[in-house]
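# Survey of secondary and tertiary structure
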Amino acid sequence: MGAYKIQFDNVTKIFETRRQTIVAVKDYSMALEAGEFVSILGPSGCGKSTLIRMLDDIIKPTSGTVYIDGMEISKTKKMPAETLRKMGFIFQQPNLLPWYTVRQNVALPLKIFGLFGKEWERRIDELIEMVGMSDYTNAYPAEISGGMIQRIGVIRAMVHDPEILLMDEPFGSLDNLTREQLNMELLDIWKETKKTIIFITHNVEEAVLLSSKVFVMGTNPGRLISTVKIDLPRPRTLEVIGEIDFINYESNITGLIGEIDLDKIK
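Note that the structure is a prediction, hence the values are computed from the model and not measured. (Residues numbered from 1 in each chain as written. Predicted model: local features only at pLDDT ≥ 70, side-chain atom pairs only at ≥ 80, totals over all residues. Heavy atoms only, no water.)

### As for the pattern of salt bridges
What counts, and what does not: We count a salt bridge whenever a side-chain nitrogen from Lys or Arg sits within 4 Å of a carboxyl oxygen from Asp or Glu. Secondary structure elements follow DSSP: runs of H or I no shorter than four residues count as helices, runs of E no shorter than two count as strands, and numbering proceeds from the N terminus. Burial here depends on accessible area, computed with a 1.4 Å probe over protein chains only, as a share of the maximum for the residue type. Under 20% is buried, over 50% is exposed, and the range in between is partly exposed.
The tally for this structure, following the rule as stated, stands at 12 salt bridges. Among the ionic pairs, Lys-86 bridges to Asp-69, the shortest N-O distance being 2.6 Å. Separated by 17 residues along the polypeptide, Lys-86 in the loop between α2 (81-84) and β6 (87-91) and Asp-69 in the loop between β4 (63-68) and β5 (71-72) bring together distant segments of the chain. Residue classification places Asp-69 among the partly exposed residues on the basis of a relative accessible area of 32%. Glu-185 is paired through a salt bridge with Arg-151; the nearest N and O atoms lie 2.9 Å apart. Of this pair, Glu-185 sits in helix α6 (residues 176-193) while Arg-151 is found in helix α5 (residues 146-158), placing the two residues 34 residues apart along the sequence. With relative accessibility at 11%, the residue Arg-151 sits in the buried group.

Following this line, the structure appears as structure tokens:
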């Protein structure tokens, strides 16, 4: 198990309610090497977010095993702090604290992990500069745009220098132009930092543009349908979207999702 940064081994998650039993994820397996950028793609209700919540130890799997750096985390009573610190979380709604400035919001994980000193202060400034927001360090969330808020959400997750970034549809609420711009910035960040990234989306074009692999999921129950390796050259730009290889990947994955939907109707 030590060869992989992240591994899901036949993971199943079942939720029991008074009225029904919900199989959120069934027999899911996935292995990522350090520095990979992958997407988990599928329709609503396929268990994408459930996988992330099992990885960050918010919930435990019903069966199967989850590993980080070869360490089994799925059966530990509480994830060790040093393992938790390896991860940064970026969600669709960044939920910045409205009474904190941009700089204070970025610094929040440092406060949580007890990381203080000039080195970390420099890191805050470097990250804010990296996303072009040095002129807004003292601004409050209500004073900046939605795209700027998402940028702060991304670098806040990186400020404690995690090895893994977990991104749950982070740009889904943005307009297409802003979304494309942030996708390009994210690829630049990944190229520079080589962090291991799991990116959850239901947008096929976005998944193909960003990823080295796309894990395609279906619903009822949430399950892995196919793993598609994206063999497109890097660095990638928005121009690649119009190329025939890109279009073929997008068509193939869209077809897989279409088949999933037909199976769901039957």
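### Digging into the pairing of strand β10 (residues 223-229)
What counts here: One requirement defines pairing of two strands: DSSP has to find at least two bridges between them.
Inspection of the sheet shows strand β9 (residues 213-218) paired to β10 by 6 bridges, in the antiparallel sense. Its bridge partner lying in β10, Phe-215 is registered against Thr-227. Between β9 and β10, which pair antiparallel one after the other, the connecting turn spans 4 residues, and Asn-220 there sits at a positive phi close to 50 degrees.

### Remarks on the nonpolar core
Within soluble globular proteins, side chains that are nonpolar tend to cluster in buried spots. Going by this rule: Note on terminology: a nonpolar core comprises buried Ala, Val, Leu, Ile, Met, Phe, Trp, Tyr and Cys residues joined through side-chain atoms within 4.5 Å. Contacts are residue-level and defined by heavy atoms, with any inter-residue pair within 4.5 Å sufficient.
The biggest cluster of nonpolar side chains holds 53 residues, and the ones touching the most others in it are Met-167 and Ile-253. When neighbours within four sequence positions are excluded, Met-167 is seen to be in contact with Ile-90, Val-154, Leu-186, Ile-197, Ile-198, Phe-199 and Ile-200.

### Quick notes on the sheet that holds strand β1 (residues 6-16)
The line we're drawing: Here the axes come from fitting lines to C-alpha atoms, over the contacting stretch only for helices, and the angles between their N-to-C directions go from 0 to 180 degrees.
Reading across from one edge, β2-β1-β4-β5 is the order of the 4 strands in this open sheet, with antiparallel pairing throughout. The sheet is open, and its two borders are formed by β2 (21-32) and β5, each paired with just one other strand. Of the strands in this sheet, β1, β2 and β4 touch helix α1 (residues 48-55), which is tilted by about 110 degrees from β1.

### Some thoughts on the packing of aromatic side chains
We count it as follows: Each pair of aromatic rings taken from Phe, Tyr and Trp, with Trp reduced to its six-membered ring, is defined by centres within 6.5 Å and is described as stacked if the planes are under 30 degrees apart, edge-to-face if over 60, and tilted in the remaining cases. Any Lys NZ or Arg CZ that is within 6 Å of a ring centre and within 35 degrees of that ring's normal is treated as a charge sitting over the ring.
Counting across every chain of the model gives 6 aromatic pairs. Measuring from ring centre to ring centre gives 6.3 Å for Phe-89 and Phe-91, while their planes differ by 10 degrees; the resulting arrangement is stacked. With a relative accessible area of 26%, Phe-89 lands in the partly exposed category. One aromatic cluster is present, built from ring pairs that chain together Phe-37, Phe-171, Trp-190 and Phe-199. A cation over a ring is seen here: Lys-13 above Phe-15, with NZ or CZ 5.1 Å from the ring centre.

It is worth stressing that arrangement in space is one thing and function is another; only the former is reported here.
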